[in-house]
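So you can see what is in the structure, the chains are spelled out below.
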Amino acid sequence: MFFSVLPTRKGAMTELGVVFRPQLPPERLRAVARVADDTGLDELWLWEDCFLEGGVSTAAAALAWTERVRVGIGLLPVPLRNVAVTAMEAASLDRMFPGRAVLTVGHGVQDWMGQVGARAASPLGLLGEHLDALRALLRGERLSVRGRYVRLDDVALDWPPRRPVDVLAGGTGPRTLRLSGEKADGTLLTAATTADGVRRARELVEEGRRAAGRGGAHRVVVYLLAATGAGADARLRAELAAEGLEPGADVGVAGDADAVAGAVRRLIEAGADTVVLQPTADEPDPEGFVRFAAEEVRPLVP
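Rules of the game
- Residues numbered from 1 in each chain as written.
- Predicted model: local features only at pLDDT ≥ 70, side-chain atom pairs only at ≥ 80, totals over all residues.
- Heavy atoms only, no water.
- Axes fitted to C-alpha atoms, helices over the stretch in contact; angles between N-to-C directions.
- Helix = DSSP H or I, 4+ residues; strand = E, 2+ residues; numbered from the N terminus.
- Parallel < 35°, antiparallel > 145°, perpendicular 65-115°, else oblique.
- Left-handed = near helix turned anticlockwise from the far one by under 90°.
- Contact = heavy atoms within 4.5 Å.
- Nonpolar A, V, L, I, M, F, W, Y, C, P; charged D, E, K, R; others polar.
- Core = buried A, V, L, I, M, F, W, Y, C linked by side-chain atoms within 4.5 Å.
- Buried < 20%, exposed > 50% of the residue type's maximum accessible area, 1.4 Å probe, protein only.
- Arc of directions from axis to C-beta.
- 1 Å grid on protein atoms, 1.4 Å probe; cavity = no way out; pocket = protein on both sides within 12 Å on 5 of 7 lines; lining within 4 Å.
- Points joined across faces, edges and corners; volume = space filled by probe spheres on them.
- pLDDT = per-residue confidence, 0-100.
- Phe/Tyr/Trp six-rings, centres within 6.5 Å; stacked < 30°, edge-to-face > 60°.

Our focus in this paragraph is the packing of helix α1 (residues 29–39) against helix α2 (residues 55–65). Closest axis-to-axis distance for the α1/α2 pair is 9 Å, and the angle between their directions is 50°. Here α2 runs oblique to α1, going by the angle between their axes. The interaxial crossing formed by α1 with α2 has right-handed handedness. Here L29, R30, A33 and R34 of α1 lie close against α2, whose contacting residues are T58, A62 and W65. Residue composition of the contact of α1 with α2, by class: four nonpolar, one polar and two charged.

This is the structure:
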């Protein structure tokens with residue numbers, strides 16, 4: 001049950017992040033990343049939504065423009081990538097920026113995968129094979145695999161990471177969350193996840209971990225849709241409506257730092273290790289939102 005896993009994060013400090021939404025043009029990333037670095041924000045997260053911006057290219061640029069902030073990619077759709085390419089990209093980022101890149105893989109939006117001719121008959125099967133091969137390659141192993149989707153013939157990285165690299169999986173459904181527990185090092189949850197949803201996700205992840213006989217920590221990252229400043233309530237309601245979510249459904253928060261920090265704490269109490277504030281797509285001041293998160297919300301979060 002969920003309560004059995006709460007002690008694993010007791011005493012741990014929550015990581016707070018912000019999403020750079022790809023609805024912003026790529027040339028805005030540099031300024032936002034530098035503010036995140038300068039203000040002491042823990043993490044800056046990027047998306048690879050079709051057909052907006054590339055996840056690896058933007059992450060590499062953000063890492064190069066900064067010194068300390070960790071940069072998460074949430075997430076890379078596995079139908080778009082050969083697993084050897086994913087491993088090469090992840091290893092290169094980690095060797096150039098040790099410990100600062102956070103990689104997440106997932107199914108991708110199936111309609112988008114269909115648009116590019118990459119839709120898999122079994123998204124769950126593909127993700128499982130991809131996770132197994134990716135984590136093995138990043139450990140420096142040499143692989144020959146003939147799966148339904150992943151096929152490798154005597155493949156190993158010439159430049160594997162010098163240190164263990166965690167791979168997160170994004171998911172919403174029960175089967176994917178169990179799979180994440182079985183095969184990934186952490187789980188990324190969407191901004192549609194309530195505090196009760198985080199608790200349930202923890203339960204499902206732990207079911208998968210027990211089934212696979214896995215120990216150690218498993219990081220849970222959750223996005224939190226947030227708006228502050230003038231027009232915050234209206235912007236939040238409009239975003240929820242666009243996502244097909246009802247206002248007042250314990251999803252999202254609008255208000256000042258106390259209100260946002262309270263929502264963050266509720267997710268922490270439910271079992272999240274990292275909360276990433278997701279501004280609305282029409283956020284008028286992305287740099288200011290990052291400052292707000294780092295300088296006003298972060299001090300209120302344990």
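A few words now on the nonpolar core. Of all hydrophobic cores here, the largest spans 77 residues; its most connected members are L138, V264, V275 and L277. If we skip the residues at most four places from it in the chain, V264 touches L16, L224, V275, L277 and V301.

Turning next to α2. Residues of α2 that are buried include every one of G55, V56, T58, A59, A62 and L63, and no others. Taken down its axis, α2 places every buried residue within 165° of arc, on the same side. For α2, exposure combined with an orientation more than 90 degrees from the buried face picks out S57 and A64. The secondary structure elements touched by the buried residues of α2 are α1, β2 (43–46), β3 (70–77), α3 (83–96) and β4 (101–106).

Our next topic: empty space enclosed by the protein. Rolling a probe over the atoms, with the probe sized like a water molecule, indicates the empty space that remains. Counted by the stated rule, this structure contains two cavities of 30 Å³ or more. When its volume is computed, the largest cavity comes out at roughly 80 Å³. Around the largest cavity, the lining comprises 13 residues; the ones closest to its centre are V19, R21, L24, P279 and P286. Breaking the lining of the largest cavity down by element, the ones donating at least two residues are β1 (15–20) and α10 (286–297). Split by residue class, the lining of the largest cavity holds ten nonpolar, one polar and two charged. Lining the second largest cavity are I73, A90, L93, D94, A101, L103 and V165. Secondary-structure elements contributing two or more residues to the lining of the second largest cavity are α3 and β4. For the lining of the second largest cavity, the element with the highest residue contribution is α3, accounting for three residues. Here the lining of the second largest cavity is composed, by residue class, of six nonpolar, no polar and one charged.

For the pair helix α5 (residues 123–138) and helix α6 (residues 174–183), the least separation of the axes is 11 Å and the interaxial angle reads 15°. Viewed along their axes, α5 and α6 adopt a mutual orientation that is roughly parallel. As α5 packs across α6, the resulting crossing turns out to be right-handed. In this structure, α5 contributes L124, L127, G128, L131, D132 and R135 to the contact, and α6 contributes R175, T176, L179 and K183.

With that settled, the discussion passes to the confidence of the model for the protein. The predicted coordinates ought not to be read in detail in places where the model reports low pLDDT. Averaged over all residues, the pLDDT of the protein equals 95, while 96% of them reach at least 70. Below pLDDT 50 for its whole length, residues 1–11 participates in 17 contacts with residues either more than four positions away or in separate chains.

Per the stated rule, a full pass over the model turns up three aromatic pairs. Ring geometry for W45 and Y223: centres 6.2 Å apart, planes at 90°, overall edge-to-face. Linking W45 in strand β2 with Y223 in strand β9 (residues 219–227), this pair joins segments that are 178 residues apart in sequence. Judged by relative accessible area, which is 0%, W45 ranks as buried. Members of the aromatic cluster, connected to one another through ring pairs, are W45, W47 and Y223.

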